[in-house]
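A look at the structure
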Amino acid sequence: MELFDYSALWLQPFRNTLSFMFFTFTILFFLFSLLIFVLRLKPWCQCDACRSYLTFSWLKDFNNLCDWYTHLLAKSPTGTIHLHVLGNTITSNPGNVEYILKTRFDNYPKGKPFSVILGDLLGRGIFNVDGDSWEFQRKMACFELGSFNIKMYALELVTAEIRSRLIPLLSSAANKDNNILDLQDVFRRFSFDSICKFSFGLDPECLMLNLPVSKFATAFDLASKLSAERALAPSPIVWKIKRLLNIGSEKQLKGAINLVNELAETMIHQRQQMGFSKNNDLLSRFMASIDDDKYLRDIVVSFLLAGRDTVASGLTSFFWLLSQHPEVESTIRNESDKIMKPNQDLVSFEQLRELHYLNAAVYESMRLFPPVQFDSKFAQEDDILPDGTFVRKGTRVTYHPYAMGRMERIWGPDCLEFKPERWLRNGRFVPANPFKYPVFQAGHRVCLGKDIALVEMKSVALAVVRKFNIRVSDPNQAPQFAPGLTATVRGGLPVMVQERGD
């Protein structure tokens, strides 16, 4: 016993020395890596844009980074800029967008920098891979999501959620004296319930009247938020070291992802034991072709991320705009009265096709407030964009739908106005060139869930507009967006809810 104590005492200084050496090495390695990263980004660049970005002076004139980018892109003769400090070429030029997403699609993949940032959450899911894995998942998803049966199944789920939860919740809020409700939170709960049932066959019951806290929803939100914030770090080394040491935000992220994984694994095992051939959810459909549980988890979680936040974001901005434009709200109601029966509460799939003005209003709201404000690729080889911009190998290349929706050269002098009529020809909806309006991406990576997302958005919008008057508490306050993978309004969207008397 005495020998053991003596040995432990003798080894203690040695352990302390090793710990100190490891800590010192880690710090020096971090500083060296950060120096290399900073030198590569040319922080000494004195151009106005880089200096404004580094000093945050753009905040004097703009509430959102996306609005500052819009300002810079509008001033550029080509609609393209380059931020040297970020190594990022940003464009609002439709010709460049077509070139990146279609003509030279092979030269502009998602790239390793992007896939590493989201790798822990999305794994090998379709939104985080390139090459053969992407092609396989896309073909499979195209087959499943393109079928009429799956679209009808999605509409049935959405309709049930509207009738049993959304309408009762809004009615409850309307009957209270203090009827202020965070509509963004409501839509996030609605879309999470819907996409979980569609993806997993799971009902998290987030939109119950008492607005319960869902551990799964909270974990999923936290994982999405912290994964996105990795991109804001001054160097990838920062979050990688935090992940290695399991500290700070990376420790939180690990815990959140573990909870998401636990639920996904449980659902997969349940399906395997009970059988999946008669179920319509995505997990069951994909299980018929894939026997790798980890791969299944990655695929379904990717669709969960895409279907939840984008729909909620689109609906939030739609009702913010509608609150400022009662004439658009009135026209939507008048159009629906002509198509739907007097006592009909929810719209059918066939009727949605005839609601051209509603479709135009939804498209117009996403022109001004796209759920995904920008999307980046990484150049594999040196290239020259159609507008003459040189792109060096490894450069991040970003197209910016938010800025594109505000470009006079694209949409005309009334580009900042909310005008659904711009989408109509003789009363019928006419879509724009997808490279002019890349809200659903375009080219080879065009969103496969586009039709389903639009059905969900229009079904919700119409059900709410026909039954309620929704008014934003502070309509003069322009949305301020929180950092994230999708456009989320900081502080939510407080609204007043009134049931219509007619």
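Up top is the structure these notes are about.
Quick summary incoming for the structure in this document. From a predicted model like this one, the values you see are computed outputs, not experimental measurements.

Residues Ile162, Leu166, Phe319 and Ile332 are the most contacted members of the largest nonpolar core, which totals 99 residues. In terms of residue count, the dominant contributor to this core is helix 19 (residues 450–467) (10 residues). Ile332 has contacts with Phe318, Leu322, Tyr357, Leu358, Ala361, Leu462 and Val465, leaving out every residue within four places of it along the chain. One finds Ile195, Cys196, Ala219 and Ile257 within the second-largest nonpolar core, a separate group that totals 47 residues.

Quick look at unusual backbone geometry now. The phi angle at Leu211 is positive, at roughly 45 degrees, despite the residue not being glycine. Take Leu211: it is sitting in the loop between helix 8 (183–199) and helix 9 (215–229). The phi dihedral of Gln441 is positive, around 60 degrees, even though this residue is not glycine. Counting through the fold element by element, Gln441 comes out in the loop between strand 9 (428–429) and helix 19.

Turning to the sheet that holds strand 7 (residues 396–399), a few remarks are in order. Overall, mixed pairing links the four strands, which are arranged 1-2-7-4 in an open sheet. In the strand order of this sheet, the two ends are held by strand 1 (80–83) and strand 4 (375–378), each with one partner. Recorded for the sheet is a direction-independent mean angle of 25 degrees between the axes of neighbouring strands. On the sheet, helix 3 (residues 65–75) packs against strand 1 and strand 2 (88–91) and is oriented at approximately 120 degrees with respect to strand 1.

Quick look at the packing of aromatic side chains now. Here the structure, examined in full by the defined rule, presents 25 aromatic pairs. Taken together, the ring pairs in this structure connect Tyr363, Trp411, Trp423, Phe429, Tyr437 and Phe440 into an aromatic cluster.

What follows covers the side chain of Arg138. Tracing the backbone through its elements, the reader meets Arg138 in helix 6 (residues 131–145). Among buried charged residues, Arg138 stands out as having no salt bridge; its nearest opposite-charge side chain is Glu135, 9.4 Å away. With residues near it in sequence (within four places) discarded, Arg138 still touches Ile126, His444, Arg445, Val446 and Leu448.

Attention shifts here to the packing of helix 13 (residues 293–324) against helix 19. Where helix 13 meets helix 19, the axes come as close as 10 Å, and the angle between the chain directions of the two elements is 35 degrees. Between helix 13 and helix 19 lies a crossing of right-handed hand. Contacts between helix 13 and helix 19 involve Val311, Gly314, Leu315, Phe318, Phe319 and Leu322 from the former and Ala453, Glu456, Met457, Val460, Ala461, Val464 and Val465 from the latter. Residues that form the contact of helix 13 with helix 19 fall into these classes: 11 nonpolar, one polar and one charged.

The rules we used
Residues numbered from 1 in each chain as written. Predicted model: local features only at pLDDT ≥ 70, side-chain atom pairs only at ≥ 80, totals over all residues. Heavy atoms only, no water. Core = buried A, V, L, I, M, F, W, Y, C linked by side-chain atoms within 4.5 Å. Buried < 20%, exposed > 50% of the residue type's maximum accessible area, 1.4 Å probe, protein only. Helix = DSSP H or I, 4+ residues; strand = E, 2+ residues; numbered from the N terminus. Contact = heavy atoms within 4.5 Å. Pairing = 2+ DSSP bridges. Axes fitted to C-alpha atoms, helices over the stretch in contact; angles between N-to-C directions. Phe/Tyr/Trp six-rings, centres within 6.5 Å; stacked < 30°, edge-to-face > 60°. Lys, Arg positive; Asp, Glu negative; His and termini not counted. Salt bridge = Lys/Arg side-chain N within 4 Å of Asp/Glu carboxyl O. Left-handed = near helix turned anticlockwise from the far one by under 90°. Nonpolar A, V, L, I, M, F, W, Y, C, P; charged D, E, K, R; others polar.

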